[in-house]
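# A look at the structure
Take a look at the letters that make up each chain.
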Amino acid sequence: MDICLCTRNKGKIKEFQLLVPNAWRVLSLDDLGCTDEIPESGHTFEYNALQKATYVFKQYGVSC
């Protein structure tokens, strides 16, 4: 199973990979080939995360 963290931070990707089952492959925006600047126009971390996750799922079909 693939999951994307919606980040380009390789350190975050490595840390998260340790927290999930080995059968999961944690991907970054770079792994997806996403070069878009995804907007973060919300007033909360939660809203911005949802905004980015929705964008990535619609564009790349990968869960976030």
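Residues numbered from 1 in each chain as written. Predicted model: local features only at pLDDT ≥ 70, side-chain atom pairs only at ≥ 80, totals over all residues. Heavy atoms only, no water.

### Remarks on the side chain of S28
Quick reminder of the rule: Helix and strand definitions here come from DSSP, where helices need a minimum of 4 consecutive H or I residues and strands a minimum of 2 consecutive E residues; each element is numbered from the N-terminal end. Side-chain atoms alone can form a polar contact between residues adjacent in sequence; in general such a contact is a pair of N or O atoms within 3.5 Å, and within protein one must be able to donate a hydrogen while the other accepts it. We call two residues in contact whenever any of their non-hydrogen atoms come within 4.5 Å of each other.
Mapped onto the secondary structure, S28 falls in the loop between β2 (25–27) and α2 (29–32). A polar atom in the side chain of S28 sits 3.2 Å from the backbone nitrogen of D30. Dropping the residues within four chain positions of it, S28 is found in contact with C4, T7 and I13.

### What about the nonpolar core?
Note the following rule: By nonpolar core we mean a set of buried residues, namely Ala, Val, Leu, Ile, Met, Phe, Trp, Tyr and Cys, connected to one another through side-chain atoms within 4.5 Å. Buried, partly exposed and exposed residues are distinguished by accessible area as a fraction of the type maximum, computed with a 1.4 Å probe on protein chains only: under 20%, between the cut-offs, and over 50%, respectively.
The biggest cluster of nonpolar side chains holds 9 residues, and these are C4, C6, L27, L29, L32, C34, I38, V56 and V62. The contact partners of L32, leaving out residues within four places of it in the chain, are C4, L27, V56, Y60 and V62.

### Some details on unusual backbone geometry
At C6, a position not held by glycine, the phi torsion is positive, near 60 degrees. Here C6 is to be found in the loop between β1 (2–4) and α1 (10–17). Taking relative accessible area as the criterion, C6 reaches 8% and is therefore assigned buried.

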